[in-house]
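Fold and geometry: a report
Here is how the chains run, residue by residue.
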Amino acid sequence: MARKRKTDGRTPRRALWFRTLIAVTACGAAVGGLAAYRTLSDDTATERPVTMEEASRLALSRLNLYRASPVAVTLTATEGGGVVVRVEGVVDYRTHRAVGSYHVTGSSGASGPATGQLDHGLIVWDTGGLGLAPVPKGDNRPAWQQAEHIPRSGWSARSYTADPLDAGLRLLIELGADRPDNPLLLAQSGARRLERDRIDGRSYDRFAGPRAQGATPGAGPDGGRSPLTYWVDGDGGLRRVTMRMPGLGTPATVEFSGREGRAKLPEAPWGTG
């Protein structure tokens, strides 16, 4: 997690893909061919284009995150070789800042198949990068309270890389918006209703997001479908987002568990001077 990475001045191919994906998600996507709308039963499990009502709920989901800020989140990303990174934190979409704790689990390689905790600590992130710091000894308070007392010099900062964790953190910080997306553009750009699921006793529609610009419907291993999947309730509340990345079999997953009104995010990691 805290390891240094070599750079040679070139932009990783996966990073270019991710920037394109973020542009599509944040802007509501470029307009494609007009989707054919059909009114189907809410109980059907058949994949189909979204209705305008469904597109409207999907379009509201990012604004609802913004309004609920700060919100509690959990991000899980698989980095390969059985290594899993889990980040539990709080995101403020009004300031585009986030703070939490991270845990890295997996096999150490020296003891065979046994798994355990490989690393843990505090993490802060925003739209430009992230910072890591050790957990203060004997401090069992929430991560946002621990982070308040770490001086600026105590954070190890770095820019984003192309690995699954960084891609998930960048996606997470960009999900909230101070205005709704355009539902017509979402529908025209390939958003699809996939199925209905229950999470913690509540019903959510599962949607594939708009296709990336230039993607051909029906082409590729996923039929040209967006790599982003959203779970949205009847009021436009966002509960879960998953993101598939090239070369990775397991999507990164973001879970939202509601407003965390007590949380105050530290200023030091983003300060200057």
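Computed from a predicted model, the values in this text were never measured in an experiment. (Residues numbered from 1 in each chain as written. Predicted model: local features only at pLDDT ≥ 70, side-chain atom pairs only at ≥ 80, totals over all residues. Heavy atoms only, no water.)

Quick look at helix H4 (residues 164-174) now. Counting buried positions over the 11 residues of H4 gives 10, a clear majority of the element. Buried residues of H4: Pro164, Leu165, Asp166, Ala167, Gly168, Leu169, Arg170, Leu171, Leu172 and Ile173, and no others. (Buried < 20%, exposed > 50% of the residue type's maximum accessible area, 1.4 Å probe, protein only. Helix = DSSP H or I, 4+ residues; strand = E, 2+ residues; numbered from the N terminus.)

Counting 43 residues, the largest nonpolar core has Val91, Trp125, Leu172, Leu175 and Phe256 as its most contacted members. Among the elements that take part in this core, H4 stands out by supplying 6 residues, more than any other. For Val91, the contacting residues outside a window of four places in its chain are Ser69, Pro70, Val71, Val73, Arg97, Ala98, Trp125, Leu172 and Ile173. Within the second largest apolar cluster, 12 residues are counted, among which are Leu122, Trp155, Ala263 and Leu265. (Core = buried A, V, L, I, M, F, W, Y, C linked by side-chain atoms within 4.5 Å. Contact = heavy atoms within 4.5 Å.)

This paragraph deals with the pairing of strand S11 (residues 238-243). Look at any regular strand and the pattern is simple: side chains alternate between the two faces of the sheet. Among the 6 residues that make up S11, 5 are buried, leaving the element largely enclosed by the rest of the structure. Pairing of strand S10 (residues 228-232) with S11, which is carried by 5 bridges, proceeds in the antiparallel orientation. Bridging across to S11, Thr229 finds its partner in Thr242. As consecutive antiparallel partners, S10 and S11 are separated by 5 residues, and within that stretch Gly236 has a phi angle of approximately 85°, a positive value. One ladder, built from 4 bridges, connects S11 with strand S12 (residues 252-259); its direction is antiparallel. Bridge pairing in S12 places Arg240 opposite Glu255. (Pairing = 2+ DSSP bridges.)

Turning our eyes to something else, we now look at the packing of aromatic side chains. In this structure the tally under the stated criterion is 0 aromatic pairs. Stacked on the ring of Tyr66, the Lys or Arg Arg94 has its end atom at 4.8 Å from the ring centre. One Lys or Arg, Arg240, reaches over the ring of Trp231 and ends 5.2 Å from the middle of that ring. (Phe/Tyr/Trp six-rings, centres within 6.5 Å; stacked < 30°, edge-to-face > 60°. Lys NZ or Arg CZ within 6 Å of the ring centre and 35° of its normal.)

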